[in-house]
Every structure is written in structure tokens, then in C-alpha cells.
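# Results of the structural survey
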Amino acid sequence: MNIAIAQSGGPTCAINASLVGVFKQGLLTEEIDAIFGSINGIEGIINDELLNLKSMIKTNEDMELLRQTPSTMLGSCRYKLPDFESDPAVYEKILHTLTVHRIEIFVYIGGNDSMDTVVKLSAYLKNISSDIKVIGVPKTIDNDLPVTDHTPGFGSAAKYVAATVQEIIRDSSVYSIPSVTVIEIMGRHAGWLTASTCVLRANGEEAPHLIYLPEAEFSSEQFLEDVRKEMAKHKAVIVAVSEGISVSDGSSEEFQSGKVDNFGHKYLSGVGKYLERLVADRIGCKVRSIELNVMQRCSSHICSKTDIDEAERIGRHALSAALDGNTGQMMYFRRVSDIPYAVTIEMTEASNTANLEKMFPKEWISPEQNQVTDAAVSYFLPLIQGEVNILMKNGLPVHFQRPLQMR
Ligand code: F6P
């Protein structure tokens, strides 16, 4: 039999490690012949654009390099499969590609939107009595997938964000004049990544002095009051803010483009700038905003070894689960303990996660709605542990890339 792998959604440092996990398990499985990579997620299956991965990933060194290369080696998509009833033609194209290439297992690495594809495609295949199996492998820097303790890609993003915030703390505290620095962090509707900056506490940092999450209440007036209070205590105030907070007076239209992706999600960006202007106008001190933007998704030079190792492991388990006859499932992590840190890998119906979001727990948010508790520190810390020995060339990290003729 042959199998196919695809990657979908926003990039992370760990999606290629999951691909390597599936690939390695495929190499170990005698009955598997070709291992195909689908270009740009499910779009590659629809359009019959497949790569023979064995002819591209040839050596152990290739696998090691790909494992530590960020983003999606196969490209990605934000494609929403239509309902079968409204557009059967798309499903027929998918079936055609899978049948022509004798693909019996399709592994989809992605977030909550991508699990929608796992649900719809596996249901369609069951419905037509096909034996083709579809399995989901979670990933997202947002950490917002239900059921799983955390998502591959999150730990590396959290490690980069915390390390960067620490550097910003050093930078912003050199002058004698008071200042405010607002750092805007990704995460869409869930504040996990912004909240994870609290890990700096474990190393004795007091900042970020204020942390604002979409799950907490926010008002611009309260924000200004919080900043004033912190300015009375600290010369350089550091604020971590999630891109997804809703500013109570509805002014998000002023700083957002209003554009949405195929799943109807708004492109979020600009709340840091908005808060910067607010501080400048109403407090009048030195103020700067920094949007970490896409840097936090692919910063493999400071990725978490725990994250990369787990991403590979969950990829291996996904293929085994499909070989055992499972379909329509998503693999997930169940945390067994914080110290020593241990997880098991299990599976759940992909419908338990598709299009759903797991929010940062309200009980980990301070009563003032502007900080997180130490319980969050214990949750986050294990996920950022360990360093990957990144291969360097000319002083820069080396990345695995598809040969030019295959891009
Ligand atoms: O994949 C999740 C995410 O990185 C969110 O944190 C962010 O809001 C969104 O994707 C950005 O979307 P795009 O990949 O289209 O820039």
C-alpha cells in the first residue's frame, strides 16, 4: 500500500518533525511502499500534486535536518472542504487521486480547521464503504485544540516568545526616563502564547508586569489605570498583549484590515499599536509597541527539544493508529505529570476538536484580569525544556528545502 501526508494551517517549528515521524514509521512498515507528500495540504490531493518523499528524504541526515527545519516543507493551505451535499465534485477528485496512487492512509497535520477536513473526508470515505483511513496530527502555536494537553509547535513558539520578551526587558530598562513597552503576541482567540510569557518568573523576572488575554475582561480605561499603577513601581513597564483581545469600545475596526481567511477568521494585527497610541495620548510617556508577528511561528533557532521530540513521536503514533484500522481520529497528548514531566499519546474522534477552540482557563487569570497565576507557570515550563543542536552553516541555521524543480 501507499500512504500520503499533508500539512495544513499556519506554520510552526514542529510540523516537519511530525512529518518525519510519519515518514520514519512508514519506512519501518514493510507493507508500505510509496510515501507521498501532498503539496499545499488537501489542495495537493484535490489537484493531484504529490511528491514521492522517499526520493527527496534520502538519508538520516536529511531526516535530522528536516526535523529541525521550521514551517511546512510541503507547503500549506487554509482550505475548507465544502459539505459533500453541496459539492460532491471535490470529493470525487480526492477519491480519484487517492485511488490512482493506491493511497490507503492519509495523515493530515494541522489545527482545529484542518481537523474539519479529517472529519469530513473520513466520513465521506466511510459512507462510500472505502477502506482508506484518515488520521489527524495536531499542530498550532495557538495551543487552542480541545482534548490535547498541548499542541506540537506551541512549546517552541512559547520558548521564543519568552526569550524575546526577556531580551526586550533588558533593552527597555537602560534609560532613566519612564517607559512603557507593549508586546503583541499571536494566538487568535486564545491567550495561551501570551500567557506563557509568565515562565520568565521561574528565572526571577518580574516582567511582563501586565498580561492581557482574550479570555479576560478588557477595557481601555482599566488598561490605562493598570499602566499608571505599574509605572509607580517600575521605571520600564512591560505589557504582553494577545492579538485577539477585544477592545471594549469597538475600535478594533480602526486597526484591523477587516479581511478574513477561508474559515472566516479575521486577520488580527495592530492592537499593540492601538495601545501604544492610547498610552502616548493619555499618559504621555515614552512608549513603544512591538508586534512579534510571524517571527514567533518559525524561530527554530531557539526551538524546544521537548516540542520537536514530541512532534515526531505523535507523527509515528498517528501512522500506527491508521495501520491498526482507525480513521477519523486525532492523536493527542495526555499529561500524566508535571514533575517529572510525562505524557502519553492517545486518540480521540477528530470531531471533538474540529472547528473548536480550547481557551486559557479562567481560573488561571488574576482577579484584576491583567496577570496569570503560578499554576500557569507549572503548566508551561515543561513544554519549553531542552535545546536542539541546530546544524549551522556560515553562522546561520541550515534548513531542509524541496529541490527547486519540486517547488
Ligand atoms: O496558525 C495560527 C495563527 O498563527 C494565529 O496565531 C494567527 O492569528 C493566524 O494563524 C495568522 O494567520 P496566517 O497564517 O494566515 O497569517
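Structural data are supplied above this passage.
Quick summary incoming for the structure in this document. (Residues numbered from 1 in each chain as written. Predicted model: local features only at pLDDT ≥ 70, side-chain atom pairs only at ≥ 80, totals over all residues. Heavy atoms only, no water.)

### Here's the deal with the site of the ligand
Keep this limit in mind: Any residue with a heavy atom positioned within 4 Å of a molecule or strand is treated as near that molecule or strand. Polar contact is the term for a pair of N or O atoms within 3.5 Å; when the atoms are in protein, one must be able to donate a hydrogen and the other to accept it, and sequence-neighboring residues count only if both atoms are side-chain atoms. Accessibility throughout is a Shrake-Rupley quantity obtained with a 1.4 Å probe, and a residue counts as covered only by protein chains that appear here. Throughout, the ten residues Ala, Val, Leu, Ile, Met, Phe, Trp, Tyr, Cys and Pro are labelled nonpolar, Asp, Glu, Lys and Arg are labelled charged, and all others, Gly among them, are labelled polar.
In the region of the ligand, the neighbouring residues are Gly10, Arg78, Ile141, Asp142, Met186, Gly187, Arg188, Glu243, Tyr267 and Arg297. Here an oxygen atom of the ligand and a side-chain polar atom of Arg78 are 2.9 Å apart. Take Arg297: an N or O atom from its side chain is 2.8 Å from an oxygen atom of the ligand. Coverage of the ligand by the protein amounts to 83% of the 400 Å² it exposes when considered alone. A breakdown of the residues in the shell around the ligand according to their chemical character gives 3 nonpolar, 2 polar and 5 charged.

### Some details on a nonpolar patch on the surface
Rules: Here the term patch refers to residues with relative accessible area over 30% and no salt bridge, with like charges joined within 9 Å and nonpolar side chains (Val, Leu, Ile, Met, Phe, Trp, Tyr) within 5 Å. One side-chain nitrogen of Lys or Arg within 4 Å of one carboxyl oxygen of Asp or Glu is enough to make a salt bridge. What counts as a helix is a DSSP run of H or I of at least four residues, what counts as a strand is a run of E of at least two, and both are numbered from the N terminus.
A grouping of Val174, Tyr175 and Ile177 is seen on the molecular surface, where their side chains present a nonpolar patch of about 320 Å² in accessible area. For Tyr175, the position within the fold is in the loop between α6 (154-172) and β6 (179-185).

### As for the pattern of salt bridges
Here is the rule we go by: Accessible area is worked out with a 1.4 Å probe on protein chains only. A residue is then buried under 20% of its type maximum, exposed over 50%, and partly exposed in between.
In the structure shown here, the tally under the stated rule is 19 salt bridges. Across the pair Arg67 and Glu64 runs a salt bridge whose closest N-O atoms are separated by 3.6 Å. Note that Arg67 and Glu64 are positioned in helix α3 (residues 60-67) at a spacing of 3 residues, about one turn of the helix. You can call Arg67 buried: its relative accessible area is 10%. Between Arg282 and Glu221 there is a salt bridge, with its nearest N and O atoms 2.9 Å apart. With Arg282 in helix α10 (residues 271-282) and Glu221 in helix α8 (residues 220-233), this residue pair connects regions lying 61 residues apart in the sequence. When its relative accessible area of 41% is taken as the criterion, Arg282 is described as partly exposed. Each of the salt bridges in this network shares a partner with another, and the network as a whole consists of Lys24, Glu64, Arg67, Lys305, Asp309, Glu312 and Arg316.

### What about helix α1 (residues 15-28)?
Note the threshold: Every helix has an expected span of 1.5 Å times one less than the residues it contains. Contacts: residue pairs with any heavy atoms within 4.5 Å of one another.
For α1, with 14 residues, the first-to-last C-alpha span of 20 Å sits near the 20 Å given by 1.5 Å per residue. Of all 14 residues in α1, 11 are buried; the element is thus mostly enclosed. Among the residues of α1, those classed as buried are Ile15, Asn16, Ala17, Ser18, Leu19, Val20, Gly21, Val22, Phe23, Gln25 and Gly26. In this fold, the buried residues of α1 make contact with β1 (2-7), β2 (35-38), α3, β4 (103-110), β5 (133-138) and α11 (305-323).

### Section: empty space enclosed by the protein
Here is the rule: With a 1 Å grid laid over protein atoms only, a set of points is called a cavity when a 1.4 Å probe fits there but cannot get out and a pocket when it is open yet has protein on both sides within 12 Å along at least five of seven lines; lining residues have an atom within 4 Å of a point. Grid points are joined across faces, edges and corners, and a volume is the space filled by probe spheres set on the points.
Under the definition given, this model contains 1 cavity of 30 Å³ or more. Lining of the largest cavity is provided by Thr197, Cys198, Arg201, Glu205, Glu206, Ala207, Pro208, Ile211 and Gln371. For the lining of the largest cavity, the class distribution of residues is 4 nonpolar, 2 polar and 3 charged.

### Things to note about the side chain of Arg402
Keep this limit in mind: Here the positive residues are Lys and Arg and the negative ones are Asp and Glu; neither His nor the chain ends is included.
Among the structural elements, Arg402 can be located in the segment after β13 (396-397). For Arg402, which is buried and forms no salt bridge, the nearest opposite charge comes from Glu49, at a distance of 8.0 Å. Polar side-chain contacts of Arg402 include one of 2.8 Å to the backbone oxygen of Met73. Beyond its immediate chain neighbours, meaning those up to four positions away, Arg402 contacts Ile39, Leu51, Met56, Met73, Leu74, Gly75 and Arg407.

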